[in-house]
Amino acid sequence: MVAPSGPAEPARLEAGCAVLRDMGLDAVVGKHALDRVNLGSPGPVRDDWHRLAGGDADRAADLQAAWCDPRVRAVICARGGYGATRVLDHLDWDALRAATEASAASGGGPKILHGSSDVTALHAAFGTRLRVTTSFGPMPAGVIADLGPALAGGGADDRHDGTLDGLRAALFGGPAALPGTHALCPGRAEGPLTGGTLSLLTALLGTPYAPPPAAGRIVFLEDVTEAPYRIDRMLVQLLQAGWFDGAAGIALGSWRDCGDPAELDSVFAARLGPLGVPVLAGVPAGHGPHQRTLELGAPAVLDTTALAPPAAAALTLRAPGGAR
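Residues numbered from 1 in each chain as written. Predicted model: local features only at pLDDT ≥ 70, side-chain atom pairs only at ≥ 80, totals over all residues. Heavy atoms only, no water.

**Q** Any chance you could explain the packing of aromatic side chains here in plain terms?
**A** Two aromatic rings are characterised by how far apart their centres lie and by the angle between their planes. Scanning the model with the defined rule gives 6 aromatic pairs in all. Relative to phenylalanine 126, the ring of tryptophan 93 lies with its centre 5.5 Å away and its plane at 75°, an arrangement referred to as edge-to-face. On the criterion of sequence distance, the pair formed by tryptophan 93 in helix α4 (residues 93–105) and phenylalanine 126 in helix α5 (residues 120–129) is long-range, its members being 33 residues apart. For the pair formed by tryptophan 93 and phenylalanine 126, the shared burial category is buried. Here tryptophan 255 and phenylalanine 268 contribute two aromatic rings whose centre-to-centre distance is 4.9 Å and whose plane-to-plane angle is 50°, an arrangement assigned as tilted. One end of the pair, tryptophan 255, is in strand β10 (residues 249–256); the other, phenylalanine 268, is in helix α10 (residues 261–272), with 13 residues separating them in the sequence. Note on phenylalanine 268: relative accessible area 2%, which makes it buried. Three or more aromatic residues joined by ring pairs make a cluster, and in this case those are Trp67, Trp93, Phe126 and Tyr209. Between lysine 111 and the ring centre of tryptophan 67, over which it is positioned, the NZ or CZ distance is 5.9 Å. Positioned over the ring face of tryptophan 93 is arginine 129, at 5.2 Å from the centre of the ring. (Phe/Tyr/Trp six-rings, centres within 6.5 Å; stacked < 30°, edge-to-face > 60°. Helix = DSSP H or I, 4+ residues; strand = E, 2+ residues; numbered from the N terminus. Buried < 20%, exposed > 50% of the residue type's maximum accessible area, 1.4 Å probe, protein only. Lys NZ or Arg CZ within 6 Å of the ring centre and 35° of its normal.)

**Q** How do you make sense of helix α2 (residues 56–68) when you look at a structure like this?
**A** Since the α-helix advances by 3.6 residues per turn, residues separated by three or four positions end up pointing in the same direction. Taking 1.5 Å of rise per residue, 13 residues should cover 18 Å, and α2 covers 18 Å from first to last C-alpha, within 8% of that figure. Residues of α2 that are buried sit in contact with β2 (51–52), β3 (74–76), α3 (84–87), α4, β4 (112–115) and α5. (Expected span 1.5 Å × (residues − 1). Contact = heavy atoms within 4.5 Å.)

**Q** Sorry, what's going on with the environment of glycine 242 here?
**A** You can see glycine 242 is positioned in the loop between α9 (228–240) and β10. Given a relative accessible area of 18%, glycine 242 falls into the buried group. Taking the C-alpha atoms as reference points, glycine 242 and alanine 183, 59 residues apart in sequence, are found 24 Å from one another.

**Q** I would appreciate a short explanation of the pairing of strand β13 (residues 299–303) in the present structure.
**A** The buried fraction of β13 is high, at 4 of 5 residues. Where strand β8 (residues 188–197) lies against β13, 5 bridges are found, and the strand directions are antiparallel. What sits directly across from glutamate 190, in β13, is valine 301. (Pairing = 2+ DSSP bridges.)

**Q** Just to check I follow, could you spell out the packing of α4 against α5 for this structure?
**A** Packed helix pairs are specified by the crossing angle of their axes together with the interaxial distance, meaning the distance between the axes. Interhelical geometry of α4 versus α5 gives an angle of 70° and a closest axis separation of 11 Å. Relative to α5, the element α4 is oriented roughly perpendicular. Two packed elements cross with a definite hand, and for α4 against α5 that hand is right-handed. Facing Trp93, Leu96 and Arg97 of α4, the residues of α5 in contact are Ala125, Phe126 and Arg129. For the contact of α4 with α5, the per-class residue count stands at 4 nonpolar, no polar and 2 charged. (Axes fitted to C-alpha atoms, helices over the stretch in contact; angles between N-to-C directions. Parallel < 35°, antiparallel > 145°, perpendicular 65-115°, else oblique. Left-handed = near helix turned anticlockwise from the far one by under 90°. Nonpolar A, V, L, I, M, F, W, Y, C, P; charged D, E, K, R; others polar.)

**Q** In this structure, what is going on with the confidence of the model for the protein chain? I would like to understand it.
**A** Reading predicted coordinates in detail is not appropriate for stretches of low pLDDT. For the protein chain, the mean per-residue pLDDT works out to 90, and 91% of the residues sit at or above 70. For the stretch residues 307–311, pLDDT sits under 50, and the model shows 6 contacts to residues farther than four places along the chain or on other chains. (pLDDT = per-residue confidence, 0-100.)

**Q** Just to check I follow, could you spell out the pairing of strand β9 (residues 218–224) for this structure?
**A** Each regular strand carries side chains that alternate between the two faces of the sheet. Most of β9 sits inside the fold, with 6 of its 7 residues counted as buried. Both β9 and β10 contribute to a ladder of 6 bridges, which runs parallel. Note that in β10 the partner of isoleucine 218 across the bridge is glycine 249. Once the chain exits β9 it traverses α9 before rejoining the sheet at β10, and the crossover so formed is right-handed. (Right-handed = clockwise from strand over helix to strand, strands pointing away.)

**Q** Even after reading the chapter, I still don't get unusual backbone geometry, so can you show me in this structure?
**A** For serine 117, which is not a glycine, the phi torsion comes out positive at approximately 60°. Tracing the chain through its elements places serine 117 in the loop between β4 and α5. You can call serine 117 buried: its relative accessible area is 13%. Positive phi, close to 55°, is recorded for aspartate 257, a residue that is not glycine. With respect to the element layout, aspartate 257 can be found in the loop between β10 and α10. Looking at aspartate 257, the relative accessible area reads 59%, which means it is exposed.

This is how it looks when you write it as structure tokens:
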């Protein structure tokens, strides 16, 4: 467990680790996951200022040490928040690449990077620079902490079965199908999955860590606490940058606290509809109580007629990158 962004609350991180241990995993917490520093110059920590889980170099060191340790099979981010983009310049990409190649040569399968939200910055950079698939889903100090060890064993609360099943598929291997609620543009598409949290994708544009254009890919997008006009502005930015050119299809996840859903649908239809590709809305992934896991970089199928009513459509990952 590493914290490349905000610091984890100790009790929540331990609760999330308990769920992972109940799934049969050996959860080890990184050195700086519980550290706290403010955004600016070093000094006394103020709780009324934004906090990070240690300095940029410390957060990068935890991530790099875990990724380069041959005993570690999955690097799971404790939580999101803010700060992952600041880590990118502090990583030794040659060392990370060598560790990736060594893991593949050992026959143990690909190492897993798992997390969501702010971790989108790491997904984009690892996917482009290390050519690995990465796992976008719930985090230990986030929604996983609310599941409880008993639930991970499969019993008390069926509401979270999808969250845990998706996480198991990502960590242990297996297919995944995510139903959507409605299609804004009908159709069927195939291609590698790309995307993540919208605000992070736009923040990476013009940097050395920007994800490659979405040509031939299915794009997944989600976000939290962004007003419809801000979502519109970010979509326009990606469109004007040519990032959507040639995209095969678009899957829209949760948009928690992002305003009127009807207004959002109107924005998505107006901005994305002219692309002429299928657009599926209501995929249960992103922020919120129900967080399914997506394998970014894996082959995917988006089909608005795949499931019978009431489920109107589905996003199916055909080859998740679970390595166990």
